[in-house]
Amino acid sequence: METKTKANGVAKNQSATVKKEVQKKLTQDAIGKNATPEPKVISQKPEISLDERIQKFEKLRGLATQRERLAETLTELTKFNYNQEGSSSVFIRDSRHLEFKTTNSNLIKLVTSHLQSTLEQRKA
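Each value, and the rule that gives it
- Residues numbered from 1 in each chain as written.
- Predicted model: local features only at pLDDT ≥ 70, side-chain atom pairs only at ≥ 80, totals over all residues.
- Heavy atoms only, no water.
- Helix = DSSP H or I, 4+ residues; strand = E, 2+ residues; numbered from the N terminus.
- Contact = heavy atoms within 4.5 Å.
- Areas by Shrake-Rupley, 256 points an atom, 1.4 Å probe, with all protein chains shown as cover.
- Salt bridge = Lys/Arg side-chain N within 4 Å of Asp/Glu carboxyl O.
- Buried < 20%, exposed > 50% of the residue type's maximum accessible area, 1.4 Å probe, protein only.
- pLDDT = per-residue confidence, 0-100.
- Expected span 1.5 Å × (residues − 1).
- Pairing = 2+ DSSP bridges.
- Arc of directions from axis to C-beta.
- Axes fitted to C-alpha atoms, helices over the stretch in contact; angles between N-to-C directions.
- Parallel < 35°, antiparallel > 145°, perpendicular 65-115°, else oblique.
- Left-handed = near helix turned anticlockwise from the far one by under 90°.
- Nonpolar A, V, L, I, M, F, W, Y, C, P; charged D, E, K, R; others polar.

(A) Just the overall build of the protein, in detail. Within the protein one finds three helices and two strands. Ordered by position in the sequence, the α and β elements of the protein form the string α-α-β-β-α. Sequence-distant contacts in the protein: of pairs separated by 6 or more residues, those separated by 24 or more amount to 37%. Taken as a whole, the protein presents about 11,900 Å² of accessible surface, with 53% of it coming from carbon and sulfur.

(B) How the structure looks around the pattern of salt bridges. If you walk through the whole model with that rule in mind, you get two salt bridges. Note that Glu-58 is salt-bridged to Arg-61, the shortest N-O span being 2.7 Å. With Glu-58 and Arg-61 both in helix α2 (residues 50-79) and three residues apart, the pair spans about one turn of that helix. Taking the relative accessible area as the measure of exposure, Glu-58 reaches 41% and is therefore partly exposed.

(C) Expanded view of the confidence of the model for the protein. Mean pLDDT for the protein: 79, with 76% of residues reaching 70 or above. Taken element by element, the predicted model of the protein shows its lowest mean pLDDT in helix α1 (residues 12-31) (73) and its highest in α2 (91).

(D) Main features of α2. Over its 30 residues, α2 runs 44 Å from end to end, which matches the ideal 44 Å to within 8%, given 1.5 Å per residue. For α2, the full list of buried residues reads Leu-70, Leu-74 and Leu-77. For α2, the secondary structure elements touched by its buried residues are α3 (105-123).

(E) Molecular detail of the pairing of strand β2 (residues 99-102). Bridge count between strand β1 (residues 90-93) and β2: four bridges; the pairing is antiparallel. Bridge pairing in β2 links Val-90 to Thr-102. The hairpin formed by β1 and β2 contains five residues between the paired strands, and His-97 there has a positive phi angle of roughly 65 degrees.

(F) Looking closely at unusual backbone geometry. Positive phi, close to 65 degrees, is recorded for His-97, a residue that is not glycine. Position of His-97 relative to the elements: it lies in the loop between β1 and β2.

(G) Representation of α3 within the structure. Between its terminal C-alpha atoms α3 stretches 26 Å, which fits the 27 Å expected from 19 residues at 1.5 Å a residue. Among all positions of α3, only Ser-105, Ile-108, Thr-112 and Leu-119 are buried. Mapping the buried residues of α3 onto a view down its axis gives an arc of 60 degrees, with all of them on the same face. Looking at α3, the residues exposed on the side facing more than 90 degrees away from the buried face are Asn-106, Leu-110, His-114 and Gln-121.

(H) Expanded view of the packing of α2 against α3. Their axes nearest at 10 Å, the elements α2 and α3 cross at an angle of 150 degrees. Judged by the angle between their axes, α2 and α3 are roughly antiparallel. Taken as a pair, α2 and α3 cross one another with a handedness that is left-handed. Each of Arg-67, Leu-70, Ala-71, Thr-73, Leu-74, Leu-77 and Thr-78 in α2 lies in contact with α3, whose residues at this interface are Thr-112, Leu-115, Gln-116, Leu-119, Glu-120, Arg-122 and Lys-123. When the residues that make up the contact of α2 with α3 are grouped by side-chain class, the tally is six nonpolar, four polar and four charged.

As structure tokens, then:
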């Protein structure tokens, strides 16, 4: 079979073949067959020195101790019985040894409930 050339000198069969190859390549690219996989980026964790580890451990130990004291205080506060008239009292003393004392059960209930809710929030 003979290919006829156009006036510009390009054969019909060659241009048709080139078009088909381009279409196949575009189709494969669209499907993803020729897609080059992206290289996996492996993130390296920065190395932590022994001193930094010890500091973090000490900080965690301090936080654990604070949490234990908080839990003990909360337990003691929930055991506190202020319902009986005159049987309970609250003392507040400052650094100059000035004191505030009350036996008012309503005031004691307000103070203890506020302390309890604050401690529970901190524990959470």
